[in-house]
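# Fold and contact review
What follows is each chain in one-letter form.
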Amino acid sequence: MARVENERGWRMLLPMVHTLERFTTPNTVGKILIVMKCFQKEVSHGTDSSSETSAGCSVLQRAGTLPRDIFQRACGFGKTTAAQLLLSGKKTLWLNAEDPALRLDVENDSWDALVLDNFSELSVDMQQPLCDLIRSTVGRPIVCLSRGKVPSWLLPFQVSGIMTVLDQNALAFDRQSVGQLLEHHGLKVNDLMLTAIYKESRGYPLALSILARHMVNGESFDATIADQIRQEIFLYYEEEVFNRFDLTTRRLLLELAPFDQFSLSLAHMVSGDSNVGETFGRLQRETTMMIQDSLDVFHFWPIFRLFLRWELRQKYSDEQCRAIYNRGGLYYELKEDYAHALECYTSGGDHSKVSELLVRNAELHPGMGHYARWKNTTAACRRRKFSPLPR
(Lines give C-alpha, C1' and ligand atoms only; values in the text may rest on other atoms or scores of the structure.)
Protein backbone atom coordinates (compact mmCIF):
# COMPACT_ATOMS: atom_id res chain seq x y z
CA MET A 1 0.00 0.00 0.00
CA ALA A 2 1.28 3.45 -0.83
CA ARG A 3 2.65 5.49 2.03
CA VAL A 4 0.13 8.05 3.27
CA GLU A 5 1.43 11.32 4.65
CA ASN A 6 -1.86 12.53 6.13
CA GLU A 7 -2.01 10.93 9.59
CA ARG A 8 -5.75 11.43 10.00
CA GLY A 9 -6.38 9.98 6.57
CA TRP A 10 -4.13 7.02 7.44
CA ARG A 11 -6.05 6.28 10.61
CA MET A 12 -9.33 6.44 8.77
CA LEU A 13 -7.94 4.28 5.99
CA LEU A 14 -6.91 1.16 7.87
CA PRO A 15 -10.25 -0.07 9.26
CA MET A 16 -12.05 0.60 5.99
CA VAL A 17 -10.14 -1.89 3.89
CA HIS A 18 -12.19 -4.67 5.46
CA THR A 19 -15.46 -2.89 4.65
CA LEU A 20 -14.65 -2.29 0.99
CA GLU A 21 -13.39 -5.80 0.34
CA ARG A 22 -16.98 -6.99 0.75
CA PHE A 23 -17.99 -4.93 -2.28
CA THR A 24 -15.02 -5.29 -4.62
CA THR A 25 -14.31 -8.39 -6.65
CA PRO A 26 -12.10 -8.97 -9.68
CA ASN A 27 -15.23 -8.71 -11.82
CA THR A 28 -15.70 -5.06 -10.81
CA VAL A 29 -12.27 -3.98 -11.98
CA GLY A 30 -12.54 -1.78 -15.03
CA LYS A 31 -11.48 1.73 -15.81
CA ILE A 32 -13.57 4.43 -14.17
CA LEU A 33 -14.28 5.38 -10.56
CA ILE A 34 -16.95 7.94 -9.82
CA VAL A 35 -17.00 9.12 -6.22
CA MET A 36 -20.39 10.67 -5.56
CA LYS A 37 -20.14 13.67 -3.26
CA CYS A 38 -23.94 13.82 -3.24
CA PHE A 39 -25.43 17.03 -1.89
CA GLN A 40 -22.10 18.16 -0.54
CA LYS A 41 -20.77 21.36 -2.03
CA GLU A 42 -17.07 21.84 -2.65
CA VAL A 43 -14.86 20.93 0.30
CA SER A 44 -11.18 21.76 0.34
CA HIS A 45 -8.84 18.83 -0.22
CA GLY A 46 -7.72 17.03 2.88
CA THR A 47 -10.64 17.98 5.15
CA ASP A 48 -13.00 15.17 4.32
CA SER A 49 -11.44 11.80 4.99
CA SER A 50 -13.17 8.49 5.33
CA SER A 51 -14.13 5.09 4.11
CA GLU A 52 -13.96 5.19 0.31
CA THR A 53 -10.22 5.35 0.77
CA SER A 54 -10.10 1.72 1.70
CA ALA A 55 -12.10 0.73 -1.35
CA GLY A 56 -9.75 2.13 -3.88
CA CYS A 57 -6.64 1.01 -2.04
CA SER A 58 -7.99 -2.52 -1.80
CA VAL A 59 -8.73 -2.59 -5.51
CA LEU A 60 -5.43 -1.04 -6.48
CA GLN A 61 -3.56 -3.58 -4.40
CA ARG A 62 -5.27 -6.54 -5.96
CA ALA A 63 -5.75 -5.39 -9.54
CA GLY A 64 -3.14 -2.74 -10.23
CA THR A 65 -5.83 -0.46 -11.65
CA LEU A 66 -8.85 1.41 -10.43
CA PRO A 67 -12.39 0.22 -11.16
CA ARG A 68 -14.73 2.50 -13.00
CA ASP A 69 -17.10 2.58 -10.05
CA ILE A 70 -19.70 4.97 -8.70
CA PHE A 71 -19.67 5.63 -4.98
CA GLN A 72 -22.85 7.42 -3.90
CA ARG A 73 -22.04 9.10 -0.62
CA ALA A 74 -23.35 11.94 1.48
CA CYS A 75 -21.46 14.53 3.52
CA GLY A 76 -18.67 13.27 5.71
CA PHE A 77 -17.72 10.09 3.89
CA GLY A 78 -14.31 11.31 2.71
CA LYS A 79 -14.68 11.67 -1.05
CA THR A 80 -11.88 14.11 -1.83
CA THR A 81 -9.39 12.70 0.63
CA ALA A 82 -10.27 9.23 -0.60
CA ALA A 83 -9.33 10.22 -4.13
CA GLN A 84 -6.05 11.71 -2.91
CA LEU A 85 -5.14 8.59 -0.96
CA LEU A 86 -6.25 6.25 -3.72
CA LEU A 87 -4.00 7.98 -6.22
CA SER A 88 -1.07 8.54 -3.87
CA GLY A 89 2.18 8.08 -5.76
CA LYS A 90 0.59 8.58 -9.19
CA LYS A 91 0.97 11.56 -11.50
CA THR A 92 -2.58 12.83 -11.18
CA LEU A 93 -4.24 15.34 -13.47
CA TRP A 94 -6.96 17.26 -11.60
CA LEU A 95 -9.70 18.85 -13.72
CA ASN A 96 -12.81 20.78 -12.73
CA ALA A 97 -16.04 20.32 -14.69
CA GLU A 98 -17.04 23.88 -13.78
CA ASP A 99 -14.03 25.31 -15.57
CA PRO A 100 -15.31 27.01 -18.77
CA ALA A 101 -11.95 26.24 -20.40
CA LEU A 102 -12.17 22.52 -19.63
CA ARG A 103 -10.72 20.21 -22.28
CA LEU A 104 -10.77 16.42 -22.19
CA ASP A 105 -8.47 15.68 -25.14
CA VAL A 106 -5.75 14.63 -22.72
CA GLU A 107 -4.64 11.33 -24.25
CA ASN A 108 -0.94 11.63 -23.51
CA ASP A 109 1.64 10.24 -21.11
CA SER A 110 1.70 13.23 -18.77
CA TRP A 111 -0.65 11.61 -16.23
CA ASP A 112 -1.15 8.24 -14.58
CA ALA A 113 -4.60 9.10 -13.19
CA LEU A 114 -7.26 11.68 -13.96
CA VAL A 115 -9.65 13.30 -11.48
CA LEU A 116 -12.67 15.24 -12.73
CA ASP A 117 -14.17 17.25 -9.87
CA ASN A 118 -17.71 18.67 -9.70
CA PHE A 119 -18.76 16.05 -12.20
CA SER A 120 -22.46 16.91 -11.91
CA GLU A 121 -21.69 20.30 -13.47
CA LEU A 122 -20.22 18.80 -16.63
CA SER A 123 -21.64 20.55 -19.68
CA VAL A 124 -23.53 18.67 -22.37
CA ASP A 125 -20.85 19.28 -24.98
CA MET A 126 -18.27 17.60 -22.72
CA GLN A 127 -20.21 14.35 -22.32
CA GLN A 128 -19.12 12.74 -25.56
CA PRO A 129 -15.42 13.69 -25.12
CA LEU A 130 -15.51 12.06 -21.68
CA CYS A 131 -17.05 8.89 -23.09
CA ASP A 132 -14.38 8.82 -25.80
CA LEU A 133 -11.67 9.28 -23.17
CA ILE A 134 -13.05 6.43 -21.08
CA ARG A 135 -13.09 4.09 -24.07
CA SER A 136 -9.60 5.01 -25.22
CA THR A 137 -7.85 5.02 -21.85
CA VAL A 138 -6.27 1.71 -20.86
CA GLY A 139 -4.66 0.96 -17.51
CA ARG A 140 -5.07 4.45 -16.09
CA PRO A 141 -7.82 5.29 -13.58
CA ILE A 142 -10.35 8.03 -14.22
CA VAL A 143 -11.94 9.36 -11.02
CA CYS A 144 -14.99 11.60 -11.06
CA LEU A 145 -16.11 13.47 -7.94
CA SER A 146 -19.76 14.40 -7.99
CA ARG A 147 -22.57 15.46 -5.68
CA GLY A 148 -25.27 14.35 -8.14
CA LYS A 149 -26.70 11.09 -9.34
CA VAL A 150 -25.28 8.91 -12.05
CA PRO A 151 -26.35 10.44 -15.39
CA SER A 152 -28.19 8.26 -17.88
CA TRP A 153 -25.53 8.69 -20.55
CA LEU A 154 -23.05 6.78 -18.35
CA LEU A 155 -25.36 3.82 -17.78
CA PRO A 156 -24.02 1.85 -20.81
CA PHE A 157 -20.65 1.66 -19.03
CA GLN A 158 -22.38 0.27 -15.97
CA VAL A 159 -24.35 -2.29 -17.98
CA SER A 160 -21.21 -3.45 -19.78
CA GLY A 161 -19.38 -3.93 -16.49
CA ILE A 162 -16.83 -1.18 -17.06
CA MET A 163 -18.42 0.88 -14.29
CA THR A 164 -19.75 -0.32 -10.93
CA VAL A 165 -22.11 1.55 -8.61
CA LEU A 166 -21.72 1.43 -4.84
CA ASP A 167 -24.69 3.13 -3.24
CA GLN A 168 -24.98 5.19 -0.09
CA ASN A 169 -24.94 2.19 2.25
CA ALA A 170 -22.09 0.28 0.66
CA LEU A 171 -19.22 2.10 2.35
CA ALA A 172 -20.64 2.88 5.77
CA PHE A 173 -18.57 1.36 8.58
CA ASP A 174 -19.61 -2.05 9.83
CA ARG A 175 -19.26 -2.98 13.49
CA GLN A 176 -15.80 -4.46 13.04
CA SER A 177 -14.57 -1.36 11.21
CA VAL A 178 -15.88 0.87 13.99
CA GLY A 179 -13.84 -1.15 16.47
CA GLN A 180 -10.75 -0.90 14.28
CA LEU A 181 -11.16 2.84 13.92
CA LEU A 182 -11.35 3.30 17.68
CA GLU A 183 -8.32 1.04 18.19
CA HIS A 184 -6.26 3.11 15.77
CA HIS A 185 -7.10 6.14 17.89
CA GLY A 186 -5.77 4.28 20.93
CA LEU A 187 -9.27 3.64 22.31
CA LYS A 188 -10.48 0.35 23.74
CA VAL A 189 -14.16 -0.29 24.40
CA ASN A 190 -16.00 -3.42 25.46
CA ASP A 191 -18.37 -5.29 23.16
CA LEU A 192 -21.47 -3.72 24.68
CA MET A 193 -20.16 -0.20 24.21
CA LEU A 194 -18.97 -0.98 20.69
CA THR A 195 -22.43 -2.21 19.73
CA ALA A 196 -24.01 0.91 21.23
CA ILE A 197 -21.64 3.18 19.29
CA TYR A 198 -22.26 1.31 16.06
CA LYS A 199 -26.05 1.46 16.44
CA GLU A 200 -26.05 5.12 17.40
CA SER A 201 -23.69 6.20 14.61
CA ARG A 202 -25.12 3.84 11.98
CA GLY A 203 -21.58 3.52 10.70
CA TYR A 204 -21.42 7.17 9.64
CA PRO A 205 -17.71 8.03 9.33
CA LEU A 206 -18.05 11.74 10.11
CA ALA A 207 -19.90 10.99 13.35
CA LEU A 208 -17.36 8.33 14.31
CA SER A 209 -14.44 10.66 13.59
CA ILE A 210 -15.95 13.34 15.83
CA LEU A 211 -16.70 10.76 18.53
CA ALA A 212 -13.13 9.46 18.45
CA ARG A 213 -11.84 13.01 18.96
CA HIS A 214 -14.07 13.46 22.01
CA MET A 215 -13.06 10.11 23.48
CA VAL A 216 -9.36 10.76 22.92
CA ASN A 217 -9.87 13.89 25.03
CA GLY A 218 -11.13 11.70 27.88
CA GLU A 219 -14.89 11.99 27.36
CA SER A 220 -17.13 8.94 27.61
CA PHE A 221 -19.73 7.94 25.07
CA ASP A 222 -23.18 8.81 26.40
CA ALA A 223 -26.35 10.68 25.41
CA THR A 224 -24.73 14.06 26.08
CA ILE A 225 -21.79 13.36 23.77
CA ALA A 226 -24.18 11.99 21.13
CA ASP A 227 -26.09 15.28 21.18
CA GLN A 228 -22.85 17.27 20.93
CA ILE A 229 -21.80 15.22 17.91
CA ARG A 230 -25.13 15.88 16.20
CA GLN A 231 -24.71 19.57 16.87
CA GLU A 232 -21.25 19.56 15.28
CA ILE A 233 -22.55 17.64 12.26
CA PHE A 234 -25.45 20.08 11.88
CA LEU A 235 -23.11 23.07 11.98
CA TYR A 236 -20.97 21.38 9.31
CA TYR A 237 -24.01 20.76 7.11
CA GLU A 238 -25.17 24.34 7.58
CA GLU A 239 -21.87 25.79 6.40
CA GLU A 240 -20.83 23.30 3.73
CA VAL A 241 -24.20 22.35 2.27
CA PHE A 242 -27.30 24.30 3.23
CA ASN A 243 -26.03 27.88 3.05
CA ARG A 244 -24.67 27.30 -0.44
CA PHE A 245 -28.09 26.68 -1.93
CA ASP A 246 -30.12 29.62 -3.20
CA LEU A 247 -32.91 31.02 -1.05
CA THR A 248 -35.69 29.26 -2.99
CA THR A 249 -34.05 25.86 -2.56
CA ARG A 250 -33.35 26.43 1.14
CA ARG A 251 -36.96 27.36 1.74
CA LEU A 252 -38.26 24.29 -0.08
CA LEU A 253 -35.97 21.96 1.88
CA LEU A 254 -37.07 23.43 5.20
CA GLU A 255 -40.77 23.25 4.36
CA LEU A 256 -40.52 19.58 3.33
CA ALA A 257 -38.55 18.61 6.45
CA PRO A 258 -41.61 17.98 8.69
CA PHE A 259 -42.87 15.20 6.43
CA ASP A 260 -41.67 11.60 6.58
CA GLN A 261 -42.34 11.25 2.85
CA PHE A 262 -43.14 13.81 0.19
CA SER A 263 -43.93 14.17 -3.49
CA LEU A 264 -43.89 16.98 -6.02
CA SER A 265 -47.59 17.61 -5.47
CA LEU A 266 -47.05 17.93 -1.71
CA ALA A 267 -44.12 20.27 -2.38
CA HIS A 268 -46.44 22.44 -4.51
CA MET A 269 -49.06 22.61 -1.76
CA VAL A 270 -46.65 23.27 1.10
CA SER A 271 -44.41 25.82 -0.61
CA GLY A 272 -47.03 27.66 -2.66
CA ASP A 273 -44.31 28.19 -5.29
CA SER A 274 -45.50 27.77 -8.88
CA ASN A 275 -41.90 27.03 -9.96
CA VAL A 276 -41.27 24.39 -7.32
CA GLY A 277 -41.14 21.69 -10.00
CA GLU A 278 -37.95 23.17 -11.41
CA THR A 279 -36.29 23.27 -8.00
CA PHE A 280 -37.54 19.79 -7.15
CA GLY A 281 -36.22 18.40 -10.42
CA ARG A 282 -32.83 20.02 -9.95
CA LEU A 283 -32.52 18.49 -6.49
CA GLN A 284 -33.34 15.09 -7.94
CA ARG A 285 -30.75 15.41 -10.72
CA GLU A 286 -27.93 17.14 -8.91
CA THR A 287 -28.10 15.75 -5.38
CA THR A 288 -28.80 12.50 -3.59
CA MET A 289 -30.29 13.97 -0.44
CA MET A 290 -33.72 12.73 -1.56
CA ILE A 291 -34.07 8.94 -1.46
CA GLN A 292 -36.70 7.60 -3.85
CA ASP A 293 -39.33 5.29 -2.33
CA SER A 294 -41.49 4.97 -5.43
CA LEU A 295 -41.96 6.76 -8.74
CA ASP A 296 -43.10 10.05 -7.16
CA VAL A 297 -42.48 9.54 -3.44
CA PHE A 298 -39.25 10.47 -1.65
CA HIS A 299 -37.77 10.89 1.78
CA PHE A 300 -34.68 12.71 3.00
CA TRP A 301 -31.49 10.96 4.05
CA PRO A 302 -32.26 10.48 7.80
CA ILE A 303 -29.41 12.48 9.36
CA PHE A 304 -29.95 15.28 6.86
CA ARG A 305 -33.65 15.40 7.68
CA LEU A 306 -32.76 15.75 11.37
CA PHE A 307 -30.55 18.67 10.38
CA LEU A 308 -33.34 20.27 8.33
CA ARG A 309 -35.78 19.98 11.23
CA TRP A 310 -33.16 21.53 13.50
CA GLU A 311 -32.63 24.32 10.97
CA LEU A 312 -36.39 24.80 10.66
CA ARG A 313 -36.64 25.49 14.38
CA GLN A 314 -33.90 28.10 14.05
CA LYS A 315 -35.36 29.91 11.06
CA TYR A 316 -39.16 29.63 11.41
CA SER A 317 -41.47 30.80 14.17
CA ASP A 318 -43.94 28.44 15.85
CA GLU A 319 -46.74 30.04 13.85
CA GLN A 320 -44.91 29.48 10.56
CA CYS A 321 -44.25 25.83 11.47
CA ARG A 322 -47.91 25.28 12.30
CA ALA A 323 -48.87 26.79 8.94
CA ILE A 324 -46.62 24.26 7.16
CA TYR A 325 -48.26 21.36 8.99
CA ASN A 326 -51.73 22.70 8.26
CA ARG A 327 -50.98 23.06 4.55
CA GLY A 328 -49.77 19.48 4.62
CA GLY A 329 -52.98 18.50 6.40
CA LEU A 330 -55.04 20.14 3.65
CA TYR A 331 -53.06 18.25 1.02
CA TYR A 332 -53.74 14.90 2.64
CA GLU A 333 -57.37 15.81 3.34
CA LEU A 334 -57.96 16.53 -0.35
CA LYS A 335 -56.45 13.14 -1.15
CA GLU A 336 -58.75 11.58 1.49
CA ASP A 337 -55.72 10.31 3.36
CA TYR A 338 -57.28 11.14 6.71
CA ALA A 339 -54.68 9.38 8.84
CA HIS A 340 -51.87 11.65 7.61
CA ALA A 341 -54.19 14.66 7.53
CA LEU A 342 -54.99 14.13 11.22
CA GLU A 343 -51.31 13.87 12.05
CA CYS A 344 -50.58 17.15 10.27
CA TYR A 345 -53.55 19.04 11.71
CA THR A 346 -52.71 17.79 15.19
CA SER A 347 -49.08 18.96 14.83
CA GLY A 348 -50.35 22.24 13.42
CA GLY A 349 -52.70 22.74 16.37
CA ASP A 350 -55.84 23.03 14.22
CA HIS A 351 -58.23 21.38 16.68
CA SER A 352 -61.35 22.20 14.70
CA LYS A 353 -60.04 20.33 11.65
CA VAL A 354 -59.12 17.34 13.81
CA SER A 355 -62.66 17.18 15.15
CA GLU A 356 -64.12 17.66 11.68
CA LEU A 357 -62.09 14.82 10.20
CA LEU A 358 -62.94 12.44 13.02
CA VAL A 359 -66.65 13.08 12.48
CA ARG A 360 -66.32 12.83 8.69
CA ASN A 361 -64.52 9.52 8.94
CA ALA A 362 -67.20 8.18 11.29
CA GLU A 363 -69.91 9.24 8.82
CA LEU A 364 -68.11 7.71 5.84
CA HIS A 365 -67.46 4.41 7.59
CA PRO A 366 -70.29 3.78 10.06
CA GLY A 367 -70.05 0.54 11.94
CA MET A 368 -66.68 -0.36 10.45
CA GLY A 369 -64.81 -0.40 13.76
CA HIS A 370 -62.35 2.34 12.87
CA TYR A 371 -61.85 3.48 16.45
CA ALA A 372 -58.56 1.63 16.76
CA ARG A 373 -57.20 3.54 13.78
CA TRP A 374 -58.01 6.92 15.30
CA LYS A 375 -57.68 6.18 19.02
CA ASN A 376 -54.33 7.98 19.33
CA THR A 377 -55.77 11.14 17.83
CA THR A 378 -58.84 10.92 20.09
CA ALA A 379 -56.62 10.46 23.13
CA ALA A 380 -54.53 13.46 22.06
CA CYS A 381 -57.70 15.54 21.87
CA ARG A 382 -58.54 14.61 25.44
CA ARG A 383 -55.04 15.41 26.65
CA ARG A 384 -55.34 18.83 25.06
CA LYS A 385 -58.70 19.23 26.82
CA PHE A 386 -60.91 19.69 23.79
CA SER A 387 -63.61 17.42 22.54
CA PRO A 388 -62.99 15.24 19.48
CA LEU A 389 -66.62 15.94 18.59
CA PRO A 390 -67.95 19.34 17.45
CA ARG A 391 -70.26 21.14 19.87
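Residues numbered from 1 in each chain as written. Predicted model: local features only at pLDDT ≥ 70, side-chain atom pairs only at ≥ 80, totals over all residues. Heavy atoms only, no water.

### Considering the side chain of threonine 287
- By the element assignment, threonine 287 lies in the loop between α13 (276–286) and β7 (290–294).
- Polar side-chain contacts of threonine 287 include one of 2.6 Å to the backbone oxygen of leucine 283. (Helix = DSSP H or I, 4+ residues; strand = E, 2+ residues; numbered from the N terminus. Polar contact = N/O pair within 3.5 Å; in protein donor to acceptor, adjacent residues only side chain to side chain.)

### Some points on the packing of helix α9 (residues 205–216) against helix α10 (residues 223–240)
- Contact geometry for α9 and α10: axes closest at 10 Å, N-to-C directions at 125°. Here α9 is positioned oblique relative to α10, judged by the angle of their axes. Between α9 and α10 the crossing geometry is right-handed. Residue-level inspection shows Leu206, Ala207, Ile210, Leu211, Arg213 and His214 of α9 in contact with α10, the latter providing Ile225, Gln228, Ile229, Glu232, Ile233 and Tyr236.
- By residue class, the composition of the contact of α9 with α10 is eight nonpolar, two polar and two charged. (Axes fitted to C-alpha atoms, helices over the stretch in contact; angles between N-to-C directions. Parallel < 35°, antiparallel > 145°, perpendicular 65-115°, else oblique. Left-handed = near helix turned anticlockwise from the far one by under 90°. Contact = heavy atoms within 4.5 Å. Nonpolar A, V, L, I, M, F, W, Y, C, P; charged D, E, K, R; others polar.)

### Thoughts on the confidence of the model for the protein
- With 70% of its residues at a pLDDT of 70 or more, the protein shows a mean pLDDT of 76.
- Note that pLDDT drops below 50 for residues 1–31; the model gives that stretch 89 contacts with residues more than four away or on any other chain.
- Below pLDDT 50 for its whole length, residues 386–391 participates in 13 contacts with residues either more than four positions away or in separate chains. (pLDDT = per-residue confidence, 0-100.)

### Notes on the layout of surface pockets
- In this structure, the second largest pocket spans a volume of roughly 320 Å³.
- For the second largest pocket, the lining is made up of 17 residues, of which Phe259, Asp260, Gln261, Tyr332 and His340 are closest to its centre.
- Secondary-structure elements contributing two or more residues to the lining of the second largest pocket are α15 (318–334) and α16 (338–348).
- Top element by residues in the lining of the second largest pocket is α16. It accounts for four residues.
- Taken together, the residues that form the lining of the second largest pocket break down as nine nonpolar, four polar and four charged. (1 Å grid on protein atoms, 1.4 Å probe; cavity = no way out; pocket = protein on both sides within 12 Å on 5 of 7 lines; lining within 4 Å. Points joined across faces, edges and corners; volume = space filled by probe spheres on them.)

### Points about unusual backbone geometry
- Unusually for a residue other than glycine, asparagine 118 sits at a positive phi of about 50°.
- Inspection of the secondary structure puts asparagine 118 in the loop between β4 (113–117) and α5 (127–136).
- The exposure class of asparagine 118 is buried, given its relative accessible area of 3%.
- Backbone geometry at glutamate 336 places phi at a positive 60°, although glycine is not the residue there.
- Inspection of the secondary structure assignment puts glutamate 336 in the loop between α15 and α16.
- A residue is classified by how much of its surface remains accessible, and glutamate 336, at 59% relative accessible area, is exposed. (Buried < 20%, exposed > 50% of the residue type's maximum accessible area, 1.4 Å probe, protein only.)

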